Amino acid sequence: MYPSNVRDPKMHRIDSEALAKAFIDENVAYLKKEIGNEQVLLALSGGVDSSVVAALLIKAVGKQLTCIHVNHGLMRKGESEQVIEVFKNQLGANLIYIDATDRFLDKLAGVANPEQKRKIIGAEFIKVFDEEAAKLSGIKYLAQGTIYPDILESDDGIKSHHNVGGLPEEVKFELVEPVKLLFKDEVRMVGKALGLPDGMVYRQPFPGPGLGVRCVGAITRDRLNALREADAILREEFANAGLDKKVWQYFVIVPDFKSTGITNGKRTFEWPAVIRAINTKDAMSATVEEVDWTLLKKITQRITSEVEGINRVLYDLTPKPSGTIEWE
Ligand code: XMP
């Protein structure tokens, strides 16, 4: 299915609702015809790409699509809940939800090396997915949210470490990759035309290993929880200020060290929360967003008073280079 990996230079950029609708009509018809009565499987992370693929396939083959959402325990606050709400409750998808938090966190316990953490998360993801897939019978196709930059970048190897959630070469299914010739903005346009919520369509990029690479060093449940709560406050305040539509990527990092502070007249010894907010076109280089001081003070006040275990807030002023976007 979808034999060509090369985008026709004459293909019009999908930059309007009408073009998105035309893409949807054409692909729904194609998927219906090609899939026939067969069963399709999809790993649904809740990211834009896999969400758009899921919505397209639900439109084309409905319950013949089975989605598996693996919660690795490193999702942001509310993310798995949104996947269940949108796909299971609203779109009526066949969705299998696996809470694998304990499995991942047990495997990651005591592991501080970033590459090792990524490898564990990637390998465990494939294991959980394979185990679930093995319980299903009669699956012929595996759908994936590959997009055009993935194809271009995998040709020159730039993103070889960014393939968490990807599956091994020897998968026994035939691949279905309906958005593999589209750029990100086009995938978003199609997602919007498919009626997916804005929070999903315009979601900022989120790495496969999730909060795992932002809970620097060896992950502990308490520090991970502090990170998730602080990140949720940052996202809420950025959205209130309209920055969610302006800033390319913004998140919190919680490093593995503590400093002294005072809360309600008592001395504390707790972690700092580091805020990172950057703008970029292609993630190869990035500049730092100049966030309004009043807003930063409000976020600081909220994080230090609402999040257990955090007594300081820092702002990362480092562009890429010299810093990468993520801390690990
Ligand atoms: P860096 O940190 O390399 O990040 O400047 C560039 C962009 O890639 C994202 N990123 C990842 N995405 N798996 C992913 O799917 C990963 O392991 C990973 N590491 C970084 C990062 O969030 C940024 O948008």
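Quick caveat: nothing in here was measured; it's all calculated off a predicted structure. (Residues numbered from 1 in each chain as written. Predicted model: local features only at pLDDT ≥ 70, side-chain atom pairs only at ≥ 80, totals over all residues.)

A.B. asks: Could you give an account of the overall build of the chain, with specific residues and numbers?
C.D. replies: Looking only at helices and strands, one finds ten helices and ten strands in the chain. Seen through its principal axes, the chain has C-alpha atoms that stretch 70 × 40 × 40 Å. For the chain, buried positions account for 36% of its 328 residues. (Helix = DSSP H or I, 4+ residues; strand = E, 2+ residues; numbered from the N terminus. Buried ≥ 20, exposed ≤ 12 C-beta atoms within 10 Å, placed from the backbone.)

A.B. asks: Describe the domain arrangement of the chain, with residues and values.
C.D. replies: In many analyses, interface size is given as the accessible surface area lost on bringing the parts together. According to the domain assignment, the chain contains domain 1 (17–201) and domain 2 (214–315). For domain 1 and domain 2, the distance between their C-alpha centres works out to 28 Å. Residue composition of the side of domain 1 that touches domain 2, grouped by class: four nonpolar, one polar and two charged. (Domains from an automatic or database assignment. Nonpolar A, V, L, I, M, F, W, Y, C, P; charged D, E, K, R; others polar.)

A.B. asks: Give me the environment of G138: which residues, what numbers.
C.D. replies: Counting through the fold element by element, G138 comes out in the loop between α5 (114–135) and β4 (139–143). Judged by the 8 C-beta atoms lying within 10 Å of it, G138 falls in the exposed class.

A.B. asks: Can you break down the packing of helix α2 (residues 48–61) against helix α7 (residues 184–193) residue by residue, with the values?
C.D. replies: Running from N to C, α2 and α7 point in directions that differ by 45 degrees, and their axes come no closer than 10 Å. For the element pair α2 / α7, the angle class is oblique. α2 and α7 meet at a crossing whose hand is left-handed. Listed contacts from α7 to V48, D49, S51, V52 and A55 of α2 are V187, R188, V190 and G191. Across the contact of α2 with α7, the residue classes tally to five nonpolar, two polar and two charged. (Axes fitted to C-alpha atoms, helices over the stretch in contact; angles between N-to-C directions. Parallel < 35°, antiparallel > 145°, perpendicular 65-115°, else oblique. Left-handed = near helix turned anticlockwise from the far one by under 90°. Contact = placed C-beta atoms within 7 Å.)

A.B. asks: Lay out the pairing of strand β6 (residues 249–253) in plain terms, naming residues and giving numbers.
C.D. replies: Side chains on a regular strand alternate between the two faces of the sheet. For β6, the buried fraction is high: four of the five residues fall into the buried class. Strand direction decides the pairing type here: β6 and strand β8 (residues 266–279), joined by five bridges, are antiparallel. By the bridge assignment for β8, Q249 is matched with I278. (Pairing = 2+ DSSP bridges.)

A.B. asks: Just give me the short version of the sheet that holds strand β5 (residues 174–176), but keep the residues and values in it.
C.D. replies: Read from one edge of the open sheet, five strands run β3-β2-β1-β4-β5, paired in parallel fashion. Whereas interior strands pair on both sides, the edge strands pair on one side only; in this sheet they are β3 (94–99) and β5. Each adjacent strand pair in this sheet contributes to an overall mean axis angle of 30 degrees, direction not counted. Pairing geometry for strand β1 (residues 39–43) and strand β2 (residues 65–71), over four bridges, is parallel. Paired with A43 across the strands is I68, a residue of β2.

A.B. asks: Break down the nonpolar core for me, with residues and values.
C.D. replies: In this structure, V40, L42, A54, L57, V190, A230 and V252 are the most contacted members of the largest nonpolar core, which totals 77 residues. Among the elements that line this core, the one with the most residues is α2, at ten residues. Two domains share this core, each providing at least three of its residues, namely domain 1 (17–201) and domain 2 (214–315). In this structure V190 touches I14, A20, F23, I24, V52 and V179, once residues within four positions along its chain are discounted. (Core = buried A, V, L, I, M, F, W, Y, C linked by C-beta atoms within 7 Å.)

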